[in-house]
Amino acid sequence: MMLEPFSPYRASEFQVKFSTSDWERQEAHALRRAVFCEEQKIFESDDRDAIDDHAIPIVALSMMGVAADRLVGTVRIHQEEPGLWWGSRLAVHEDFRKIGALGATLIRLAVSSANAMGCHTFLANVQVQNGLLFRRLHWDVIEEFEVYGKPHLRMKADLAWYPPCPTPETGLVALARKAA
């Protein structure tokens, strides 16, 4: 009898929620550094800025049963003035980017939780290559411009598609599609 090697464990369920622990915040910043500093080289050594002092970090966690296995995605939101919210620093670990539900669910919770907190306008500066994802999620392009030497789109969410989420600490679930 020949034993076949086991395939590595791949999570099929992800919890997307407000960051509620120190390890989640630390891992979210580490992922942002990996994506925006090391991979994309937008920032030299760290992407943190003054917005981090008051932003709400949102995280995507791969789940092993009921326990979080690792952090695989993040985004942050902040209120610039009453009712005007911004999303920024959306990042998904490179091993999980083919799971389209992750980015979409991070965006959905970002807008829906801000909507529950009195948002009347939700904006983001989106790298051009991610514009199609946002358009599919009911965002409109306001303008095109360059920031950090890269082309971006200023986009606005259609809040009618994002019902208020009153429980962002527990958040939403994203499911990976099963291969056929």
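Here the structure is shown first, and the text comes after it.
Residues numbered from 1 in each chain as written. Predicted model: local features only at pLDDT ≥ 70, side-chain atom pairs only at ≥ 80, totals over all residues. Heavy atoms only, no water.

**So, the overall build of the chain**
Alright, step 1. Each helix and strand in the chain was counted, giving three helices and eight strands.
Alright, step 2. Listing each helix as α and each strand as β along the chain from the N terminus yields β-α-β-β-β-α-β-α-β-β-β.
Alright, step 3. In terms of C-alpha radius of gyration, the chain reaches 17 Å, essentially the compact-globule figure of 16 Å for 180 residues.
Alright, step 4. Projecting the C-alpha coordinates of the chain onto the three principal axes gives extents of approximately 65 × 35 × 35 Å.
Alright, step 5. When the 180 residues of the chain are sorted by exposure, 44% land in the buried category. (Helix = DSSP H or I, 4+ residues; strand = E, 2+ residues; numbered from the N terminus. Rg over C-alpha atoms; globule rule 2.2 N^0.38 Å. Buried < 20%, exposed > 50% of the residue type's maximum accessible area, 1.4 Å probe, protein only.)

**A short note on the environment of Cys119**
Alright, step 1. As for its position among the elements, Cys119 is in the loop between helix H2 (100-116) and strand S5 (121-127).
Alright, step 2. Look at Cys119 and you get buried, because its relative accessible area is 7%.
Alright, step 3. Non-local contacts of Cys119, meaning those with residues more than four positions away in its chain, are made with Gly83, Trp85, Ala114 and Leu159. (Contact = heavy atoms within 4.5 Å.)

**Concerning the environment of Cys37**
Alright, step 1. Take Cys37: it is sitting in helix H1 (residues 22-39).
Alright, step 2. Residue class for Cys37 comes out buried when judged on its relative accessible area of 8%.
Alright, step 3. A sequence separation of ten residues divides Cys37 from Asp47, and the C-alpha atoms of the two residues are 6.9 Å apart.
Alright, step 4. In contact with Cys37, other than residues within four places in its own chain, are Arg32, Phe43, Glu44, Ser45, Asp46 and Asp47.

**Observations concerning the layout of surface pockets**
Alright, step 1. Each pocket or cavity is described by its volume, and for the largest pocket that value is around 900 Å³.
Alright, step 2. As for the largest pocket, its lining consists of 45 residues, of which Phe36, Arg89, Leu90, Asn125 and Asn130 are closest to the centre.
Alright, step 3. Going through the elements one at a time, H1, strand S3 (67-81), strand S4 (84-92), H2, S5, helix H3 (131-136), strand S6 (139-147) and strand S7 (150-157) are the ones with two or more residues in the lining of the largest pocket.
Alright, step 4. With eight residues, the single largest contributor to the lining of the largest pocket is H2.
Alright, step 5. Along the lines of polarity and charge, the residues of the lining of the largest pocket split into 27 nonpolar, eleven polar and seven charged. (1 Å grid on protein atoms, 1.4 Å probe; cavity = no way out; pocket = protein on both sides within 12 Å on 5 of 7 lines; lining within 4 Å. Points joined across faces, edges and corners; volume = space filled by probe spheres on them. Nonpolar A, V, L, I, M, F, W, Y, C, P; charged D, E, K, R; others polar.)

**Let's talk about the nonpolar core**
Alright, step 1. Counting 35 residues, the largest nonpolar core has Phe14, Ile58, Leu102, Val111, Phe122 and Trp139 as its most contacted members.
Alright, step 2. Broken down by secondary-structure element, the contributors of at least two residues to this core are strand S1 (13-18), strand S2 (56-64), S3, S4, H2, S5, S7 and strand S8 (172-175).
Alright, step 3. With seven residues, the top contributor of residues to this core is H2.
Alright, step 4. Residue contacts for Phe14: discarding those within four places in its chain leaves Leu61, Ser62, Met63, Val72, Phe96, Ile99, Leu102, Leu172, Val173, Ala174 and Ala176. (Core = buried A, V, L, I, M, F, W, Y, C linked by side-chain atoms within 4.5 Å.)

**Quick notes on the sheet that holds S5**
Alright, step 1. Sheet architecture is open: eight strands sit in the order S6-S7-S5-S4-S3-S2-S1-S8, paired in mixed fashion. Both edges of this open sheet fall to S6 and S8, since each of them pairs with a single strand only. Pairs of neighbouring strands in the sheet enclose a mean axial angle of 25°, with direction left out of account.
Alright, step 2. With five bridges joining them, S5 and S7 adopt antiparallel strand pairing. The residue bridging Gln127 from the neighbouring strand is His152, located in S7.
Alright, step 3. Its contacts with the sheet place H2 against S1, S2, S3, S4, S5, S6, S7 and S8, and it is angled at close to 165° to S8. (Pairing = 2+ DSSP bridges. Axes fitted to C-alpha atoms, helices over the stretch in contact; angles between N-to-C directions.)

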